[in-house]
Amino acid sequence: MARPNVDTQTATINVVGHIPNPNLILRPGMFVRIQATVKILKNATLVPPRSILSNQSAKFIVYLDDKNIPHMQVVQTGPVVDGMQVIDIIPMPNSTFTKDSPIVVEGIQQAARLQGQAPVNPTPYKHVVSQPVMPSVGAQSFEKAKTPEGMHHDNAQPASK
């Protein structure tokens, strides 16, 4: 099998696939988008992307130990899957992080400041899938707001010199 070549101009890969087309819906020259599994990550750790802190040298998550005391954990990020960030835990000395450790999502900065010092009061995180954003009423009436009330383009007067 030939290796797929990547077009660096368009960041696309040409592949050949066979798709059943019993009702002849697909016609020659049509294009389709596909999703393909390129790698399976077994036992991957998924966190909300906003739970990740970063500085110039590393990325971190804040987790809670069994006494609800926050601790920092260095991570390496992978792909985003269904709105959740795949992370790989970087081993650290004295870390008590396990795959079952609660991750801080809201109030990360405050929890990071309390790191190793005082417990926090956690509440469960509820993952919400993003919904399409509807234009606001202000955006819908933008055209009306561009000109002063009652002034129309047909009766606008040129500025005097």
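Think of each chain on its own: its residues are numbered from 1, step by step along the sequence as written. With the structure being a predicted model, the display of local features is reserved for residues of pLDDT at least 70 and the display and counting of side-chain atom pairs for 80 or more, all residues being used for whole-chain, interface and lining totals. Note that the side-chain values use all heavy atoms of the structure and ignore hydrogens as well as water.

If you had to explain the overall build of the protein chain to someone new, which residues and values would you point to?
Each helix is a run of DSSP H or I of at least 4 residues and each strand a run of E of at least 2, with the numbering of both proceeding from the N terminus. Looking only at helices and strands, the protein chain features three helices and seven strands. Along the protein chain, helices (α) and strands (β) appear in the sequence β-β-β-β-β-β-β-α-α-α when read from the amino end. Residue burial is assigned from relative accessible area. The probe radius is 1.4 Å, only protein chains are included, and a residue is buried under 20% of its type maximum, exposed over 50%, and partly exposed in between. The buried share among the 161 residues of the protein chain stands at 19%. Within the protein chain, contacts between residues at least 6 apart in sequence are counted, and of these 53% link residues at least 24 apart. For the area figures, the Shrake-Rupley method with a 1.4 Å probe applies, and any residue is considered shielded solely by the protein chains shown. Carbon together with sulfur atoms contributes 56% to the accessible area of the protein chain, which is approximately 14200 Å² in total. Residue contacts follow a heavy-atom distance rule, with two residues in contact if any of their heavy atoms lie within 4.5 Å.

With reference to specific residues and values, describe the sheet that holds strand 6 (residues 70-81).
Pairing is antiparallel in the open sheet, where five strands are placed in the order 3-7-6-5-4. Of all strands in the sheet, those bounded by a partner on one side alone are strand 3 (45-47) and strand 4 (53-54). Pairing between strands requires that DSSP locate at least two bridges from one strand to the other. Pairing of strand 4 with strand 5 (residues 59-64), which is carried by two bridges, proceeds in the antiparallel orientation. Residue pairing for strand 5: Leu-53 is matched across the bridge by Phe-60.

So what's going on with the packing of aromatic side chains? Residues and values would help.
By convention, a stacked pair of Phe, Tyr or Trp rings (six-membered ring in the case of Trp) has centres within 6.5 Å and planes under 30 degrees apart, an edge-to-face pair has planes over 60 apart, and any other such pair is tilted. Scanning all chains against the criterion turns up one aromatic pair. With 5.2 Å between their ring centres and 75° between their planes, Tyr-63 and Phe-97 make a pair best called edge-to-face. Here the residue Tyr-63 occupies a position in strand 5, and Phe-97 occupies one in the loop between strand 7 (84-89) and helix 1 (108-113), the gap between them amounting to 34 residues. The exposure class of Phe-97 is buried, given its relative accessible area of 14%.

So what's going on with the nonpolar core? Which residues, and what values?
Side-chain atoms within 4.5 Å are what join buried Ala, Val, Leu, Ile, Met, Phe, Trp, Tyr and Cys residues into a set we call a nonpolar core. Core analysis: the biggest nonpolar cluster contains 11 residues, these being Leu-53, Ala-58, Phe-60, Val-62, Leu-64, Met-72, Val-74, Val-104, Ile-108, Ala-111 and Ala-112. Breaking this core down by element, the ones donating at least two residues are strand 5, strand 6 and helix 1. In contact with Val-62, not counting residues within four places along its chain, are Leu-53, Pro-70, His-71, Met-72, Pro-102, Ile-103, Val-104, Ile-108, Ala-111 and Ala-112. Counting seven residues, the second-largest nonpolar core is a separate cluster that includes Val-47, Ile-52, Ile-61 and Tyr-63.

Which residues make up unusual backbone geometry, and what values go with them?
A negative phi holds for most residues other than glycine; trans holds for most peptide bonds. For Leu-24, which is not a glycine, the phi torsion comes out positive at approximately 55°. Mapped onto the fold, Leu-24 is located in the loop between strand 2 (12-13) and strand 3. One non-glycine residue, Asn-68, lies in positive phi territory at about 65°. Of note, Asn-68 is situated in the loop between strand 5 and strand 6.

Give a description of the pairing of strand 5 that names residues and reports values.
Buried residues dominate strand 5, accounting for five of its six residues. As paired elements, strand 5 and strand 6 share six bridges and run antiparallel to each other. Bridged to Ile-61 within strand 6 is Gln-73. Counting the residues in the hairpin turn of strand 5 and strand 6 gives five residues, including Asn-68, whose phi is positive at 65°.

Tell me about the confidence of the model for the protein chain, residues and numbers included.
Confidence per residue, as judged by the predictor, is encoded in pLDDT with a range of 0 to 100. Per-residue confidence for the protein chain gives a mean pLDDT of 76, with 76% of residues at or over 70. Mean pLDDT across the elements of the protein chain ranges from a minimum in helix 3 (residues 142-145), with 48, to a maximum in strand 5, with 91.

Describe the side chain of Gln-73, listing the residues and the values that go with them.
Along the chain, the position of Gln-73 falls in strand 6. Reaching out from Gln-73, the side chain makes a polar contact with the side chain of Ser-95 at a distance of 2.6 Å. Pairs of N or O atoms within 3.5 Å make up the polar contacts considered here, provided that, within protein, one atom can donate a hydrogen while the other can accept it, and that residues adjacent in sequence are counted only when both atoms are side-chain atoms.

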